[in-house]
Amino acid sequence: MKTIFAFLGGAMAGAAAALLMAPEKGDIMRRKLRHVMNHGVSRAEWDLQMARMKADRAAREAIHDIAEAAKQE
C-alpha cells in the first residue's frame, strides 16, 4: 500500500514540476496544476476507500471462519 501512495506522490510531484517548467502564463499554469493535484487527491481517496473495503471484507471473512471453526470443535 505504501508503494501505491509513493507512486502517486511521485507522479503528482513530477506533474507539478513539469507544469512549473512549462512556458505558459501563470493563471493557466495554476489552473492546470490545480486540476492535476485534484485528480491525484481524488485517485488517492478512491484507492484508500477500496483498500478499506477489502480490509473490512477480509476481517469479516476471518471472523466468520473463526466462528465456524469454533462451532466444529
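What counts and what doesn't
- Residues numbered from 1 in each chain as written.
- Predicted model: local features only at pLDDT ≥ 70, side-chain atom pairs only at ≥ 80, totals over all residues.
- Heavy atoms only, no water.
- Salt bridge = Lys/Arg side-chain N within 4 Å of Asp/Glu carboxyl O.
- Helix = DSSP H or I, 4+ residues; strand = E, 2+ residues; numbered from the N terminus.
- Buried < 20%, exposed > 50% of the residue type's maximum accessible area, 1.4 Å probe, protein only.

Participant: Describe the pattern of salt bridges, listing the residues and the values that go with them.
Facilitator: For the structure on display, the rule yields four salt bridges. The partner of aspartate 47 in a salt bridge is arginine 43, with the nearest N and O atoms 3.2 Å apart. Taken together, the positions of aspartate 47 and arginine 43, both in helix α2 (residues 26-72) and four residues apart, correspond to about one turn of that helix. Relative accessible area serves as the criterion here: at 45%, arginine 43 is assigned to the partly exposed category. We note a salt bridge from glutamate 68 to lysine 71, for which the minimum N-O separation is 3.7 Å. Residue glutamate 68 and its partner lysine 71 are located together in helix α2, separated by three residues, close to a single helical turn. Residue class for glutamate 68 comes out partly exposed when judged on its relative accessible area of 30%. On the accessibility criterion, lysine 71 (65% relative accessible area) is exposed.

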